[in-house]
Amino acid sequence: MDSLIPFTTSGSLVDCVDRKMLVVLRDGRKLHGVLRSYDQFANLVLEDTVERIYHGKAFAEHWHGLFLIRGENVVLLGEIDLDREDDVPLQQVDYSVLDPYHKRDIAHKKAREDFKSKVLYEQKGFCKEGGEGDGY
């Protein structure tokens, strides 16, 4: 019976080492890089890391190189299928072209979340605590 219980500790990352991974962080950033190491707290070390931003049918990448991620900030970790990675129907553009649109999208999302939080607090009695980027 115990063999049917999924292994959900940081030890389950052992098969992901030296593979290209996508990491989505609590603040919404999306990082692509090769997982080189991790620890018991699921802190991750990514090598050859790029941050991807998206807008419409375009994406851009910003090089970060070696990247250390605190485990509590990871929302999603998934392996990238190298055979299908180039089949994505998005056009790559220069980061400086997409960055203003991306920043505007983030500002709009924050304004919507702030408005929603205000309504929930004032009209429904919800508390304001826990809203520091914990939208996931």
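Predicted, not measured: the structure shown is a model, and the values here were computed from it. (Residues numbered from 1 in each chain as written. Predicted model: local features only at pLDDT ≥ 70, side-chain atom pairs only at ≥ 80, totals over all residues. Heavy atoms only, no water.)

S.K.: Is there a simple way to explain the overall build of the protein in this structure?
M.R.: Helices and strands together make up the secondary structure of the protein, namely one helix and six strands. When the helices and strands of the protein are listed from N to C terminus, the series reads β-β-β-β-β-β-α. Counting every position in the protein, which comprises 136 residues, the buried fraction comes to 24%. Summed over its atoms, the accessible surface of the protein is roughly 10000 Å², and 53% of this surface lies on carbon and sulfur atoms. (Helix = DSSP H or I, 4+ residues; strand = E, 2+ residues; numbered from the N terminus. Buried < 20%, exposed > 50% of the residue type's maximum accessible area, 1.4 Å probe, protein only. Areas by Shrake-Rupley, 256 points an atom, 1.4 Å probe, with all protein chains shown as cover.)

S.K.: I would appreciate a short explanation of the environment of N43 in the present structure.
M.R.: Examined against the element boundaries, N43 turns out to sit in the loop between β2 (30-38) and β3 (44-55). In the structure, N43 is positioned 31 residues away from V74 in sequence and 8.6 Å away in space, judged by C-alpha atoms. Aside from chain neighbours lying at most four places away, what touches N43 is S37, Y38, I69, R70 and G71. A polar atom in the side chain of N43 sits 2.9 Å from the side chain of D39. Polar contacts involving the side chain of N43 include one to the main-chain amide nitrogen of G71, which spans 2.7 Å. (Contact = heavy atoms within 4.5 Å. Polar contact = N/O pair within 3.5 Å; in protein donor to acceptor, adjacent residues only side chain to side chain.)

S.K.: Could you clarify how one ought to interpret the packing of aromatic side chains in this entry?
M.R.: How two aromatic rings sit relative to each other is given by the distance of their centres and the angle of their planes. Counting across every chain of the model gives one aromatic pair. Residues Y54 and F59 carry aromatic rings whose centres are separated by 6.3 Å and whose planes lie at 40° to one another, so their mutual orientation is tilted. (Phe/Tyr/Trp six-rings, centres within 6.5 Å; stacked < 30°, edge-to-face > 60°.)

S.K.: Honestly, helix α1 (residues 95-124) in this entry has me stumped. Any pointers?
M.R.: Helical periodicity: at 3.6 residues per turn, an α-helix aligns residues three or four positions apart in one direction. Taking 1.5 Å of rise per residue, 30 residues should cover 44 Å, and α1 covers 41 Å from first to last C-alpha, within 8% of that figure. Taken together, the buried positions of α1 are occupied by Y95, L98, D99 and H102. Lining the buried residues of α1 we find β3 and β4 (58-69). (Expected span 1.5 Å × (residues − 1).)

S.K.: I tried to follow a negative patch on the surface on my own but got confused; where do I start?
M.R.: Together, D81, D83, D86 and D87 make up a region of like negative charge exposed at the surface. As for its placement among the helices and strands, D83 is situated in the loop between β5 (74-79) and β6 (91-92). Overall, the relative accessible area of 70% leaves D83 in the exposed class. (Patch = residues over 30% accessible without salt bridge, like charges linked within 9 Å, V, L, I, M, F, W, Y side chains within 5 Å. Salt bridge = Lys/Arg side-chain N within 4 Å of Asp/Glu carboxyl O. Lys, Arg positive; Asp, Glu negative; His and termini not counted. Charge placed at Lys NZ, Arg CZ, Asp CG, Glu CD.)

S.K.: Honestly, the sheet that holds β6 in this entry has me stumped. Any pointers?
M.R.: Hydrogen bonds along the backbone pair up the strands of a sheet, which may run parallel or antiparallel. Spatial ordering of the open sheet is given by β5-β1-β2-β3-β4-β6, a layout of six strands whose pairing is mixed. Single-partner strands in this sheet number two, and they are β5 and β6. As paired elements, strand β1 (residues 20-25) and β2 share five bridges and run antiparallel to each other. Bridged to K20 within β2 is V34. (Pairing = 2+ DSSP bridges.)

S.K.: So what exactly am I meant to see when it comes to the pairing of β2 here?
M.R.: Both faces of the sheet carry side chains from a regular strand, because those side chains alternate between them. The antiparallel pairing of β1 with β2 creates a hairpin that spans four residues between the two strands, and G28 there sits at a positive phi of about 95°. Note that β2 and β3 share seven bridges and pair antiparallel. Within β3, the residue paired with V34 across the bridge is E47. Two successive antiparallel strands, β2 and β3, enclose a turn made up of five residues, where A42 displays a positive phi of approximately 65°.

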